[in-house]
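# Chain and residue survey
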Amino acid sequence: MSEMHIGDALKGFIRKSHLKNGIRAVQIEEVWETLMGKTIAKYTEKIQIIGKKLFIHTNVGPLKNELQYQKPQIIARVNEAFGEELINEVIIQ
């Protein structure tokens, strides 16, 4: 039996489980202010990943409108921050 570091074992487990998107959503929430700025982060209520879609929840109408225009930049920033194609679509709710 080969030895494996605990970090490698956890990464393998997460990669194979259904927890990956939930963990990624939490990681995105942690860096959301850095990626999008304080104002957007302040009024963003919830972030979810389902498949390769990023769902951004906010009740602020003007912010929804602004985020609609920033979808390509959001995709690029999130994917760049994680070093992989994590998302390919943004849905504003």
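Here's what I pulled together on the structure shown here. These figures come from a predicted structure and were not determined experimentally. (Residues numbered from 1 in each chain as written. Predicted model: local features only at pLDDT ≥ 70, side-chain atom pairs only at ≥ 80, totals over all residues. Heavy atoms only, no water.)

## Some words on the overall build of the protein chain
Regarding its fold elements, the protein chain presents five helices and three strands. Along its sequence from the N terminus, the protein chain presents helices and strands in the succession α-α-α-β-β-α-α-β. Each of the 93 residues in the protein chain was classed as buried or not, and the buried ones make up 32%. Long-range contacts, defined here as pairs at least 24 residues apart, represent 50% of the contacts in the protein chain between residues at least 6 apart. (Helix = DSSP H or I, 4+ residues; strand = E, 2+ residues; numbered from the N terminus. Buried < 20%, exposed > 50% of the residue type's maximum accessible area, 1.4 Å probe, protein only. Contact = heavy atoms within 4.5 Å.)

## Focus on the nonpolar core
Judged by nonpolar contacts, the single largest core of 21 residues is most densely connected at I28, W32, L54, I74 and V78. Every element with two or more residues in this core is listed here: helix 2 (20–36), helix 3 (38–43), strand 1 (46–50), strand 2 (53–57), helix 4 (61–69), helix 5 (71–82) and strand 3 (89–92). In terms of residue count, helix 2 provides more of this core than any other element does, five residues in total. Setting aside residues up to four positions removed in sequence, I74 forms contacts with W32, M36, L54, I56, L67, I87 and V90. (Core = buried A, V, L, I, M, F, W, Y, C linked by side-chain atoms within 4.5 Å.)

## So, the sheet that holds strand 3
Sheet architecture is open: three strands sit in the order 1-2-3, paired in mixed fashion. Both outer strands of the open sheet, strand 1 and strand 3, are each paired with one neighbouring strand and no more. On average, adjacent strands in this sheet sit at an angle of 20° to one another, irrespective of strand direction. Examined bridge by bridge, strand 2 and strand 3 share four bridges and lie parallel to one another. Within strand 3, the residue paired with K53 across the bridge is E89. Along the sheet, helix 5 contacts strand 2 and strand 3; its crossing angle with strand 3, the most-contacted strand, is approximately 125°. (Pairing = 2+ DSSP bridges. Axes fitted to C-alpha atoms, helices over the stretch in contact; angles between N-to-C directions.)

## A look at helix 5
Here helix 5 contains 12 residues, and its C-alpha end-to-end distance of 17 Å stays within 8% of the 16 Å for a straight helix at 1.5 Å per residue. Directly after helix 5, the chain includes G83, whose backbone phi takes a positive value near 70°. (Expected span 1.5 Å × (residues − 1).)

## Focus: the side chain of H57
Inspection of the secondary structure assignment puts H57 in strand 2. Only 3.0 Å separates the side chain of H57 from the side chain of Q48, close enough to count as a polar contact. Side-chain polar atoms of H57 contact the side chain of Q93, separated by 3.1 Å. Beyond its immediate chain neighbours, meaning those up to four positions away, H57 contacts Y43, T44, E45, K46, Q48 and Q93. (Polar contact = N/O pair within 3.5 Å; in protein donor to acceptor, adjacent residues only side chain to side chain.)

Note that every value here comes from positions in space, so none of it alone points to a role or purpose.
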